[in-house]
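Listed below are the residues making up each chain.
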Amino acid sequence: MTDSVEIRRTRQPAPVLEIGGTHVTAALVDVRARRVLPGTKCRQPMRAGASAEEIVDRVLGCASRLEAPPKSRWGIAIPGPFDYARGIALFEGVAKFDALYGVDLGKILIERLPGRPSKVSFLNDASAFALGEWAAGAARGHDRAVGITLGTGVGSAFLSQGSLVDDGPDVPPQGWVHLLKFAGHPLEHSISRRAIMNRYADIAKPAPADVILDVREIAGRARTGDLVARRVMDDAFSALGRTVGPWLTRFHATVLVVGGSMAASWDLIARPMQEGLLRMETELLSRLVLTQARQPEDAALLGAAWYAAGDLSELDLTASPAQALTTRRPL
C-alpha cells in the first residue's frame with residue numbers, strides 16, 4: 001500500500017468498538033487529532049451471561065449508530081480469552097460471554113457492521129488501553145510504558161515506543177501480569193474484584209443476611225474510617241506493587257498508568273501501591289511515574305483506532321499527531 005493511500009485513510013474518522021464484560025461502546029475517532037469525535041459515542045449495557053445472539057445484536061445495535069465511512073478498518077477492543085488474529089471467541093468458564101465460545105466474531109462483524117468494513121482488527125482491551133494512554137494520555141512521551149487495568153481482574157500491557165511487547169525476558173509471559181504469582185498464589189487471588197470482596201467479607205464477618213459488599217462500597221467504607229476496609233484495600237494494592245515492581249525494573253519502564261473501574265479509587269490505590277513498589281525495588285521510584293489514566297473513558301477506543309489505522313508498526317507515533325501519519329519509521 002502506498003503512503004498516499006495510507007494517509008488518506010487516516011484522515012477519515014476511524015470506527016471503533018470496546019466490548020467489555022458489562023457494556024459495549026462504539027465511537028468514531030479522529031486518529032490525527034488523537035480524540036474521540038464529540039457526539040459519536042454510544043455506550044450500552046450488556047449482560048455477560050447473555051446468549052450469543054443477544055450479545056451480537058447488542059454490539060451491532062450500538063455500532064449501527066455510527067456513520068462509519070465505507071470500507072473502513074474497524075478497531076475492536078475486547079477482553080480475552082480470544083483468538084485476536086482470527087477473530088474467534090474463546091470465552092469459557094470465565095463468567096462472561098461463555099455463549100460466544102467458538103463463534104467467529106470477525107466473520108460476523110465483517111458481514112454486518114455498517115459501511116461494509118474492509119477489515120476488523122481485534123486487540124486485547126488492556127493493550128488498547130495502554131496504547132491509547134501512550135498516544136494521547138498519561139504515558140505520552142515515554143519510550144517504555146506499562147498500562148494496568150483493574151476491574152474484574154488485572155489486565156496489562158508493556159509498550160516500547162508504542163509497540164506492544166509480549167515476549168522476551170523483560171516482560172511476564174504474554175505481557176500479562178495476571179499470570180504472575182504473589183505469596184505462592186495467582187496474583188488475582190490478592191487483587192481482583194472477587195478477591196477484595198471475599199477478603200473483606202472474611203475479615204469483617206457480616207451477619208448471614210447481609211449482602212456482600214462490592215469494591216466500590218468497600219472503598220467508601222475505607223474513606224469513612226472502616227479499618228478493615230482500609231486494611232483490605234492496602235493489602236491488595238501493596239501486593240500488586242510488590243508483584244509488578246521487579247518486572248517494571250527489568251523492562252526499564254518510566255511510567256505505570258493505572259486504569260479500569262477500580263482506578264476511580266485512586267486516593268486509596270496510589271499510596272499502598274507505591275509502598276509495594278518501593279518495598280521490592282528501592283531504586284525504581286526514582287525514575288518511575290505512577291499515575292492514574294488521563295483518558296479513563298476513551299483510552300481503549302483511542303488505542304483500538306490507532307491499532308487499526310494503517311498498522312502502527314509503519315507509523316512514527318513519537319512524532320506530533322500530524323507527523324505521525326506522514327512519517328515512516330526507518331527499517
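Residues numbered from 1 in each chain as written. Predicted model: local features only at pLDDT ≥ 70, side-chain atom pairs only at ≥ 80, totals over all residues. Heavy atoms only, no water.

**Q** I tried to follow the pairing of strand S1 (residues 14–19) on my own but got confused; where do I start?
**A** Side-chain direction in a regular strand flips from residue to residue, so the side chains alternate between the two faces of the sheet. When you tally the buried positions in S1, you get six out of six residues, the bulk of the element. Going residue by residue along S1, you find Ala14, Val16 and Glu18 tucked away on one face and Pro15, Leu17 and Ile19 tucked away on the opposite face as well. Where S1 meets strand S2 (residues 23–30), six bridges bridge the pair, whose relative direction is antiparallel. By the bridge assignment for S2, Val16 is matched with Ala27. As consecutive antiparallel partners, S1 and S2 are separated by three residues. The pairing of S1 with strand S5 (residues 73–78) spans three bridges and is classified as parallel. Residue pairing across strands places Leu17 opposite Ile76, the latter belonging to S5. (Buried < 20%, exposed > 50% of the residue type's maximum accessible area, 1.4 Å probe, protein only. Helix = DSSP H or I, 4+ residues; strand = E, 2+ residues; numbered from the N terminus. Pairing = 2+ DSSP bridges.)

**Q** Can you walk me through the environment of Leu100 in this structure?
**A** You can see Leu100 is positioned in the loop between strand S7 (88–89) and helix H3 (105–112). Relative accessible area serves as the criterion here: at 3%, Leu100 is assigned to the buried category. Considering only alpha carbons, one finds Leu100 and Glu53, 47 residues apart in sequence, at a separation of 8.7 Å. For Leu100, the contacting residues outside a window of four places in its chain are Ala52, Ile55, Val56, Ala89 and Phe91. (Contact = heavy atoms within 4.5 Å.)

**Q** Whenever I open this one, unusual backbone geometry confuses me. Can you help?
**A** Leaving glycine aside, a negative phi is the common case for residues, and trans is the common case for peptide bonds. Omega for the peptide link from Gly80 to Pro81 comes to 5°, which places this bond in the cis form. Topologically, Pro81 is positioned in the loop between S5 and strand S6 (82–83). Non-glycine residue Lys71 carries a positive phi angle of around 60°. You can see Lys71 is positioned in the loop between helix H2 (52–63) and S5. You can call Lys71 exposed: its relative accessible area is 53%. Despite not being glycine, His252 shows a phi value in the positive range, around 60°. Along the chain, His252 turns up in the loop between helix H7 (227–251) and strand S14 (255–259).

**Q** Got a minute to help me understand the packing of aromatic side chains in this structure?
**A** Two measures describe an aromatic ring pair: the distance that separates the ring centres and the angle between the ring planes. Applying the stated criterion across every chain yields a total of five aromatic pairs. Residues Phe82 and Phe91 carry aromatic rings whose centres are separated by 6.2 Å and whose planes lie at 50° to one another, so their mutual orientation is tilted. Each member of the pair Phe82 and Phe91 is classed as buried. Their ring planes at 80° and their centres at 5.4 Å tell us that Phe91 and Phe97 sit as a pair that is edge-to-face. A relative accessible area of 0% places Phe97 in the buried class. One aromatic cluster is present, formed by Phe82, Tyr84, Phe91, Phe97 and Phe122 through successive ring pairs. Of note, Arg144 hangs over the ring of Phe251, and the distance from its end group to the ring centre comes to 4.0 Å. (Phe/Tyr/Trp six-rings, centres within 6.5 Å; stacked < 30°, edge-to-face > 60°. Lys NZ or Arg CZ within 6 Å of the ring centre and 35° of its normal.)

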